[in-house]
Amino acid sequence: MSVEVLLEAKDLVKTYRRGRNEVVHALQNVSLKIHPAEMILLYGPSGSGKSTLLNLLSGLDKPTSGEIIFQGKHDITKMDESELTIFRRNEVGFVFQSWELIDHLNAVENVEVPLYPDDIDSGELRTRALQLIRRMDLIDREYHFPKELSGGEQQRVAVARALIKEPKIVFADEPTGNLDQETGDLIMRMLKTICRMGTAMVIATHNEDLRRYADRVIRLTDGRIH
Amino acid sequence: MLFSLQLIESFYLGIVPRCYWKMGNFRVFIKSVRFTYRTKRRFIVFVTIFALTAAFVAFFVNTLDGYQTSNYLDQRGVFLLQSQDYNVTAGQGQALLNSIRNLNLDFELDDLQLYRYFDVDASLRIYSINISNPWLHPWVNPEVVLAGSYPNNEFEAMIPQGDMQVRATPNNIFVSSTVAVGSQFFFSNGSLTQFNNTDDVLKVSVSGTFDATNFGGAKRDSLWIFVDDTVFDKLVTLYAKNATTEVYTYAASVTVKTSGFIIPDANDYDNVAILKQQIETQILPNSAQYGVWEETAQTSSATVKKENRNRDVTSFGFAILGGILLVTLFSYLLSRFRQREIAILKAMGYAKSSIRLTLIAEILTTAMTGFITGMIAANGILLYLSLRDLNIVRRSAFLRLEAIGASFAIIVLVTLPGMVLATFRALRVSPMEAFRDRA
Ligand SMILES: Nc1ncnc2c1ncn2[C@@H]1O[C@H](COP(=O)(O)OP(=O)(O)O)[C@@H](O)[C@H]1O
Ligand SMILES: [Mg+2]
């Protein structure tokens, strides 16, 4: 494992206000380092702050206090919205619990979507998307629509979509949460393979079984790391 | 479609300039247009809304004015007619038309026509009409012609049947017994197209007694057949009449070309008054020869002005009201339906300009498809009504250009603020919504 740090969180605090005087401490002084090509499992019970932490690390949300340094230089908590958009566009991929494919786009198109606004030739884009889909073992499913695919197949399309930009880091929030055990294992093995090829993974889950795939497990309880 | 694209592009150019002219954003736009057609239920619902609005506006502008002012507006022009039958020769009639043509008027005359007839015998009279301009003579007005029976070409004639007139081809001129008991008329050579050859024998024979009491409620002692000018001229020679001395001018009709968005307006009515005055000062000295001229329009200038204003206010009100409803509904629903999708796109790093483009593409596609569908629907209704009831839709079963234009303008007007509202709402969507757990 390389000693260089891809993403470093320092003393992250996130508090939500609920109603007038109730305050939820979703994250309290969380610090962690993510290295390139590392598979990190963010493990903790429901409500422990996993999703909140992913939102902060991926620049979807801002912490109440603390810093998140990308590649030792850029503090993403200080970026404005358009800088964050560029950060997400170039460096980050997402996999969601309920896949979040776009219903009226077929599998290849769903994979292509992140790159539509880029100046890349359409034919080249299609070739890349097809290659990725086939790497996910989705042969003969390229032109199927999400509702014609099983949950596991949809999640594999979603993984392909997260990878099309070749991001340095992929965030996955309960990627196996809606899948049966067997399919969940398949997805995890695929994520592991991708990780081995150089993409860092941060996977949030409350499923203890997944711990065996991780290079490192970070336990989160009530917004704290132990 | 292209026109509105440019309009919208230049509209947005002011807000988000350069970033649109990337190849990638062009692809986002094109793909979004294509994907819009795939969002089946949403697409159909919104297209229907737009189509109904477009059709309503078009139909409103096209047709409803006819209901409001009887007769006068229907004609889309204004008549002047001689008040009495006055017999002159064709030469005298032409002289009259020429003197009208030479009047120094500020406005254009739409049409100037001379009606002629000659009596074949005591029981049969043949009139000249211009079948391509049926509105210029009250007796051959499609209003009194059985639906669908108006002549299609100059080789068809019209004959009375009951209190209506029907189209007759040379082979089937047969007058029903309610009009002429036991009477039959036929062109013995079978086809009027052979009029080209004057050697062909052409006979119009009448047998029995013609009872015209059923026709137009007026007692007439001969059967009138209306044929096109060109055929009339041939019949004249065929029956060895002298076109200049023996053929009688019956009446001349002058139509003033009308103007304005919805025609005609009070101004046109005033033009007719001017025309009448001019004709009278110049022709009155010869009135013994030509007769006295009077208007057939029954609506006063003041009424027309008032009705026009009311109509304009109502239609404008309807359009604005419908537009506001549409904008609110459409932009609200669209930004709600697409909330999840927009959150995903944002999480994936789509720039605001790209997200806005996807929305513009969807709204444009929907609006334009709706517009085209609406025009087809409105025309379908028009066509149906014109076949069913000639009194409602006059002259044409097709939408007037003004109606289509008005509809397009309103769709564009409605679409612009709708787009701003929808994109504004959509851009406030947080990308975190894509993460939110769903059961
Ligand atoms: N937008 C929010 N407003 C208020 N409280 C929130 C919000 N999002 C999360 N929380 C609270 O923060 C805590 C952590 O939530 P979350 O990060 O979703 O946990 P996990 O993903 O581990 O289940 C929970 O108590 C949750 O109720
Ligand atoms: Mg969660």
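Residues numbered from 1 in each chain as written. Chains lettered and ligands numbered in written order. Predicted model: local features only at pLDDT ≥ 70, side-chain atom pairs only at ≥ 80, totals over all residues. Heavy atoms only, no water.

> Can you lay out the overall build of chain B for me, pointing to particular residues and giving the numbers?
Within chain B, the secondary structure is distributed over 11 helices and 9 strands. Within the span of chain B, comprising 439 residues, buried residues form 50% of the whole. Expressed as a percentage of contacts within chain B between residues at least 6 apart in sequence, the contacts between residues at least 24 apart total 73%. (Helix = DSSP H or I, 4+ residues; strand = E, 2+ residues; numbered from the N terminus. Buried < 20%, exposed > 50% of the residue type's maximum accessible area, 1.4 Å probe, protein only. Contact = heavy atoms within 4.5 Å.)

> Which residues make up the pattern of salt bridges, and what values go with them?
This model, assessed by the stated rule, comprises 19 salt bridges over all chains. Ionic pairing is found between E174 of chain A and K50 of chain A, a salt bridge with its closest N-O pair at 3.9 Å. Remark: K50 of chain A occurs in helix α1 (residues 50-57) and E174 of chain A occurs in the loop between β7 (169-173) and α6 (181-196); sequence separation between them is 124 residues. For E174 of chain A, a relative accessible area of 8% puts it in the buried group. With a relative accessible area of 5%, K50 of chain A lands in the buried category. A salt bridge links D103 of chain A to R340 of chain B, with the nearest nitrogen and oxygen atoms 3.8 Å apart. Of the two residues, D103 of chain A is situated in the loop between β6 (92-95) and α3 (107-112) and R340 of chain B in helix α9 (residues 339-347); the pairing between them involves two chains. (Salt bridge = Lys/Arg side-chain N within 4 Å of Asp/Glu carboxyl O.)

> So what's going on with empty space enclosed by the protein? Residues and values would help.
Within the structure shown, the criterion is met by 5 cavities of 30 Å³ or more. Its volume calculated, the largest cavity comes out at about 180 Å³. For the largest cavity, the lining is made up of 18 residues, of which S32, F35, R338, E341 and T358 of chain B are closest to its centre. Where the lining of the largest cavity is concerned, the elements lending two or more residues are α2 (23-36), α9 and α10 (352-388) of chain B. Ranked by residues supplied to the lining of the largest cavity, first place goes to α2 of chain B with 5 residues. Considering only residue class, the lining of the largest cavity consists of 8 nonpolar, 5 polar and 5 charged. If you go around the second largest cavity, the residues you meet are R88, V92, G93, F94, P114, R161, A162 and K165 of chain A together with A347 and M348 of chain B. (1 Å grid on protein atoms, 1.4 Å probe; cavity = no way out; pocket = protein on both sides within 12 Å on 5 of 7 lines; lining within 4 Å. Points joined across faces, edges and corners; volume = space filled by probe spheres on them. Nonpolar A, V, L, I, M, F, W, Y, C, P; charged D, E, K, R; others polar.)

> Just give me the short version of the sheet that holds strand β1 (residues 7-18) of chain A, but keep the residues and values in it.
Residue and element names in this part refer to chain A. Taken together, the 4 strands give an open sheet; going across it, the order is β2-β1-β4-β5, and neighbouring strands pair in antiparallel fashion. Each edge of the sheet is formed by a strand with only one pairing partner; in this case those strands are β2 (22-34) and β5 (74-75). Where β1 lies against strand β4 (residues 65-70), 5 bridges are found, and the strand directions are antiparallel. Opposite L7, over in β4, you have F70 as the bridge partner. (Pairing = 2+ DSSP bridges.)

> I'd like a description of the interface of chain B and chain A, backed by residues and values.
Taken residue by residue, the interface counts 30 residues in chain B and 35 residues in chain A. Overall, the association of chain B and chain A removes approximately 2,900 Å² of surface from exposure, summing both partners, and the carbon and sulfur fraction of that is 55%. The interface formed by chain B and chain A holds 3 salt bridges in total. Here E109 of chain A makes a salt bridge to R38 of chain B, at a shortest N to O gap of 2.7 Å. Along the contact surface separating chain B from chain A lie 12 residue pairs in polar contact (both at pLDDT 80 or more). Secondary-structure elements contributing two or more residues to the side of chain B that touches chain A are α2, α9 and α10 of chain B. (Buried area = accessible area lost by both parts, 1.4 Å probe. Polar contact = N/O pair within 3.5 Å; in protein donor to acceptor, adjacent residues only side chain to side chain.)

> Lay out helix α4 (residues 122-135) of chain A in plain terms, naming residues and giving numbers.
For α4 of chain A, with 14 residues, the first-to-last C-alpha span of 20 Å sits near the 20 Å given by 1.5 Å per residue. Of the residues making up α4 of chain A, those classed as buried are L125, A129, L130, L132 and I133 of chain A. Across the axial projection of α4 of chain A, the buried residues extend over an arc of 160°, all falling on one side. In the core, the buried residues of α4 of chain A are packed alongside α3 and α5 (151-163) of chain A together with α2 of chain B. Capping the start of α4 of chain A is the job of one residue whose side-chain oxygen sits 3.1 Å from the backbone nitrogen of G123 of chain A: D121 of chain A. Note on α4 of chain A: the residue one or two positions beyond its end, D137 of chain A, has a positive phi of about 65°. (Expected span 1.5 Å × (residues − 1). Arc of directions from axis to C-beta.)

> I'd like to hear about the side chain of E362 of chain B, residue by residue, with values.
Among the structural elements, E362 of chain B can be located in helix α10. For E362 of chain B, the contacting residues outside a window of four places in its chain are T36, T39, R42, L334 and R338 of chain B.

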